[in-house]
Amino acid sequence: MRILITGANRGLGLALAREACARGHAVLAGVRGPGSSVEQLQPLIEQYGDRVTILPIDVADENSIRYASEQAAVRFEGIDVIINSAAILLGRNQKLEQLDLEQLEQSFQTNLYGPILVLKHFLPLLRKGQRQAVINISSEAGSSAGAYGGDYSYALSKSALNMFSAQLRAELGPQGMLVHAVHPGWIRTDMGGEQAPGDAEESARGILDLAERQTTAEGGALFIDHRGVPMRL
Ligand code: NDP
């Protein structure tokens with residue numbers, strides 16, 4: 001399979017890129033831009049050669065996404081799976097009186113509009129893929145069951161990402177597209193912190209199992225964790 005992963009230079013995105021390569025897939029590793037460190041992707045390029053393509057994609061910039069999709073269309077006939085992993089976590093533990101609307105807007109820009117625009121511009125290539133799966137990396141923070149307060153920017157953006165996933169499934173599911181919003185678990189990355197109980201590699205294995213699995217036409221529960229356990233929206 002050919003898999004596009006956004007935010008592939010570190011954290012879960014990097015773990016997904018490593019696992020996908022180890023399983024024999026080709027990877028389009030989306031990285032934000034020249035400022036992003038890509039050292040951790042170098043060993044993959046050395047080991048797997050042209051099965052790994054670094055694709056500059058700033059998910060907060062539609063022009064960058066459009067350009068990346070045009071570049072990809074020149075080189076590849078189709079993409080089988082899109083994993084929207086890139087995200088930011090801003091303004092946690094803020095009381096409503098401290099809410100910074102700019103942080104809310106930035107969170108929506110990256111965590112919601114990013115995946116929407118990636119899908120919008122890469123859809124023609126995804127339609128030509130043999131597998132046709134979309135995995136939006138969400139969070140339990142976006143679940144009404146997981147709300148613990150003071151997490152307006154991130155939680156609202158992930159909750160809206162879940163609804164985007166539902167919309168996408170309603171539109172594209174009948175045409176054979178698999179769509180999931182996936183909570184990857186609380187994992188040790190820059191975002192998750194050192195104290196997180198889970199590791200990104202295990203989460204990546206579960207997410208790739210989901211992407212590879214043949215499912216029913218309905219696709220099962222929309223919002224699940226990395227082991228496939230349904231989550232409450
Ligand atoms: P990290 O903070 O470790 O990594 C974030 C990644 O997103 C980096 O590669 C970063 O690139 C990229 N990114 C951020 N903004 C942009 C942008 N505008 N364009 C392109 N890339 C961008 O996060 P994690 O790996 O932990 O998170 C991965 C996913 O998992 C996210 O969707 C997150 O919300 C979700 N998640 C994580 C949990 C955890 O415990 N870690 C728990 C629940 C959900 P750069 O290096 O350029 O900044």
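The rules behind the values
Residues numbered from 1 in each chain as written. Predicted model: local features only at pLDDT ≥ 70, side-chain atom pairs only at ≥ 80, totals over all residues. Core = buried A, V, L, I, M, F, W, Y, C linked by C-beta atoms within 7 Å. Buried ≥ 20, exposed ≤ 12 C-beta atoms within 10 Å, placed from the backbone. Helix = DSSP H or I, 4+ residues; strand = E, 2+ residues; numbered from the N terminus. Contact = placed C-beta atoms within 7 Å. Pairing = 2+ DSSP bridges. Axes fitted to C-alpha atoms, helices over the stretch in contact; angles between N-to-C directions.

Trainee: Before we go on, may I ask you to explain the nonpolar core in this structure?
Mentor: For soluble globular proteins, the rule of thumb is that nonpolar side chains tend to be buried together. Ranked by size, the top nonpolar core spans 61 residues in total, and within it Leu-16, Ala-17, Ile-82 and Ile-135 carry the most contacts. Element by element, the count of residues in this core is highest for helix α4 (residues 101-127), at nine residues. Setting aside chain neighbours within four positions, we find Ala-17 in contact with Ile-5, Ala-8, Val-27, Ala-29, Leu-41 and Leu-44.

Trainee: Explain the sheet that holds strand β3 (residues 52-56) to me, please; I cannot follow it from the model alone.
Mentor: Strand pairing in a sheet relies on backbone hydrogen bonds, with the paired strands running either antiparallel or parallel. Spatially, seven strands are ordered β3-β2-β1-β4-β5-β6-β7 in an open sheet, and the strand pairing comes out parallel. With one partner strand each, in any of the chains shown, β3 and β7 (223-225) form the two edges of the open sheet. Neighbour-to-neighbour, the strand axes of the sheet open up by a mean angle of 25°, direction not taken into account. One ladder, built from three bridges, connects strand β6 (residues 178-183) with β7; its direction is parallel. Looking across to β7, one finds that Val-182 is bridged to Ile-224. Against the sheet, α4 touches β1 (2-5), β4 (81-84) and β5 (133-137), its axis set at about 170° to β4. Seen against the sheet, helix α5 (residues 152-172) touches β5, β6 and β7 and runs at an angle of roughly 165° to β6.

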